Amino acid sequence: MKYCKTCLQPDTRPNSVFHNDGICPACKYHASLKEVNWDERKKELLKIVEFGRANNRSGYDCIIGVSGGKDSLRQALFVKEILKMRPLLVSLGYPPEQVTERGVQNISNMISHGFDCITINPAPGIWKDLKRKGFKQYTNSFRSTELALFSSVPKLAIAYQIPLIWWGENSALQVGETAIMGKSGSDGNNLRKMNTLNGGDITWLLSDEIKKNQILQYCYPSPEEMEQANLRITFLGYFWKDWSLLNNGIYSILRGLDIRDEKPWEIGDPYGITSLDEDFVTFNQMIKYLKYGFGRITDYVNEDIRNGIMTREDGVQLVKKYDGTCSPKYIEKFANYIGITVEEFWEQVDQSVNSELFEKIGLGKYKPKFVVGVGL
Ligand SMILES: [Zn+2]
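Caption draft 1: Quick look at the coordination of the zinc ion. Taken together, Cys4 (SG), Cys7 (SG), Cys24 (SG) and Cys27 (SG) make up the protein donors of the zinc ion, found 2.3 Å from the metal. Geometry at the zinc ion is tetrahedral, judged from its four donor atoms and the angles of 103 to 115 degrees they form at the metal.

Caption draft 2: Seen up close, the nonpolar core. Of all hydrophobic cores here, the largest spans 102 residues; its most connected members are Ile63, Leu83, Trp166, Leu191, Phe283 and Phe345. Here the element with the most residues in this core is helix α11 (residues 280–292); it accounts for seven residues. Those residues in contact with Phe345 that sit more than four places away from it in its chain are Phe135, Phe283, Met286, Ile287, Ile331, Phe334 and Ile340.

Caption draft 3: Inspection of the pattern of salt bridges at higher detail. All chains considered together, the criterion is met by 18 salt bridges. Its salt-bridge partner being Asp299, residue Arg13 comes within 2.8 Å of it at the nearest N-O pair. One end of the pair, Arg13, is in the segment before α1 (25–32); the other, Asp299, is in helix α12 (residues 296–306), with 286 residues separating them in the sequence. Under the relative-accessibility criterion, Arg13 is labelled buried at 13%. A salt bridge links Arg86 to Asp116; the nearest nitrogen and oxygen atoms lie 3.4 Å apart. Placement of Arg86 in the loop between α3 (70–82) and β2 (87–92) and of Asp116 in strand β3 (residues 116–120) is noted, with a sequence separation of 30 residues between them. Look at Asp116 and you get partly exposed, because its relative accessible area is 32%. One salt-bridge network, held together by shared partners, links Arg260, Glu262, Asp279 and Lys333.

Caption draft 4: How the structure looks around α1. All buried positions along α1 are accounted for by Pro25, Ala26, Cys27 and Tyr29. Among the structural elements, α2 (38–54), α7 (171–174) and α12 are those in contact with the buried residues of α1.

Caption draft 5: A look at the environment of Gly339. Summarising the element assignment, Gly339 is placed in the loop between α14 (328–338) and α15 (342–352). Classification of Gly339 as exposed rests on a relative accessible area of 61%. Sequence separation between Gly339 and Leu46 is 293 residues; the distance between their C-alpha atoms is 50 Å.

Caption draft 6: Structural view of α15. Those residues of α15 lying buried are Phe345, Trp346, Gln348 and Val349. Looking straight down α15, one finds that the buried residues subtend no more than 160 degrees of arc, so they occupy a single side. Its buried side turned inward, α15 meets α5 (124–138), α11, α14 and β7 (365–368).

Caption draft 7: View of the sheet that holds β3. Reading across from one edge, β3-β2-β1-β4-β5 is the order of the five strands in this open sheet, with parallel pairing throughout. Looking at which strands have only one partner, the edges of the open sheet turn out to be β3 and β5 (232–235). The average angle at which neighbouring strand axes cross in this sheet is 30 degrees, direction not considered. Pairing of strand β1 (residues 62–66) with β2 involves five bridges; the strand directions are parallel.

Caption draft 8: Representation of the state of the cysteines within the structure. Applying the stated rule across the entire model yields zero disulfides. Take Cys62: it sits in no disulfide, and the sulfur closest to it among the cysteines is that of Cys117, at 13 Å. For Cys62, a relative accessible area of 0% corresponds to the buried category.

Caption draft 9: Quick look at the pairing of strand β4 (residues 164–167). Burial along β4 is two-sided: Leu164 and Trp166 and Ile165 and Trp167, pointing in opposite directions, are all buried. One ladder, built from two bridges, connects β1 with β4; its direction is parallel. Looking at β4, one finds that Ile63 is bridged to Ile165. Here four bridges tie β4 to β5, and the two strands are oriented parallel to one another. If you follow Trp166 over to β5, its bridge partner there is Thr234.

Caption draft 10: The pairing of strand β6 (residues 358–362), seen in detail. Bridge count for β6 against β7 is four bridges, and the pairing is antiparallel. By the bridge assignment, Phe358 is partnered in β7 with Pro368. Here β6 folds back onto β7, and the loop between the two strands holds two residues, one of which, Gly364, carries a positive phi near 75 degrees.

What counts and how
Residues numbered from 1 in each chain as written. Predicted model: local features only at pLDDT ≥ 70, side-chain atom pairs only at ≥ 80, totals over all residues. Heavy atoms only, no water. Donors = N, O, S within 2.8 Å, 3.2 Å for Na, K, Ca; no water. Tetrahedral: all angles 85-135°; square planar, octahedral: opposite > 155°, others 65-115°. Core = buried A, V, L, I, M, F, W, Y, C linked by side-chain atoms within 4.5 Å. Buried < 20%, exposed > 50% of the residue type's maximum accessible area, 1.4 Å probe, protein only. Helix = DSSP H or I, 4+ residues; strand = E, 2+ residues; numbered from the N terminus. Contact = heavy atoms within 4.5 Å. Salt bridge = Lys/Arg side-chain N within 4 Å of Asp/Glu carboxyl O. Arc of directions from axis to C-beta. Pairing = 2+ DSSP bridges. Axes fitted to C-alpha atoms, helices over the stretch in contact; angles between N-to-C directions. Disulfide = S-S within 2.5 Å.

The structure is reproduced here in structure tokens:
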């Protein structure tokens, strides 16, 4: 395991390859922003806006997948107020057992800014069965969730004949997940290649109990369907100079976003601005840490280092202290939710812990063998 020379990204991120000079793709991209001709990029954006307007057959120019969180609120307002488009918002609702009160409030806050929003709620029983299956099979209970999250928007776009979809971040550029890179930095038509979507494969969800017609909301449209609908997925983050978790958070807090008040060690988030609508992502980030040696704090710190608001040395201290932490109450809540004990939870996690990176020192306790910022 090696670290990027400028930030704290280890080379263990799936689908990401460092350059020969030891710099991660995200740092390379960030450095390249200084050379961007932003006037040219704005022209490119306005052409896409024109495409949306010209192909408006339903009354909506475009569609935006939203959670009510910091990124989606900023995007929705940008599209409506700066681009002067008429968007339809689509939100995938978590089941009642999973959604937080804060998440519900944030969606209400977003709609109150003047939007039409359709909420899709997949059946809670099957949702739970699939989360249990993803956890037992991949130690990733979000594999099915992400399929539903990413599929619901293009499905609805096709149904409503809306050919333009805005997504936020291009993780190929901004995080370094190069597999999803499209024809240009704004092109999101390769999103299906994301690590967790795995080409939109749903075969692992099927069983004697669960048939395809029960999981329609998890089925990503085929490339043929998307082409027939002339569907264009575009990353809005590509057109913003200041896209970052923190900037989007500040913008949205000023417009009514309610954020978390837990301690950083409970949620693995120094600012309390991510996953406001549910609690399970937090332990999933902890599992990511145990699989790859980095979690959510690393992602935050890396952005702050690149933006020049944190030194690499200060970042190392934060990552050492909080990366991979999660309050036991969220683990217990999830174990109860899928009907297993906390011991069974850890037995499952144990199978996925990267033994090259961690030494087991007890049930649910692991000591890193690597040194943050230095490597193995
Ligand atoms: Zn880097």
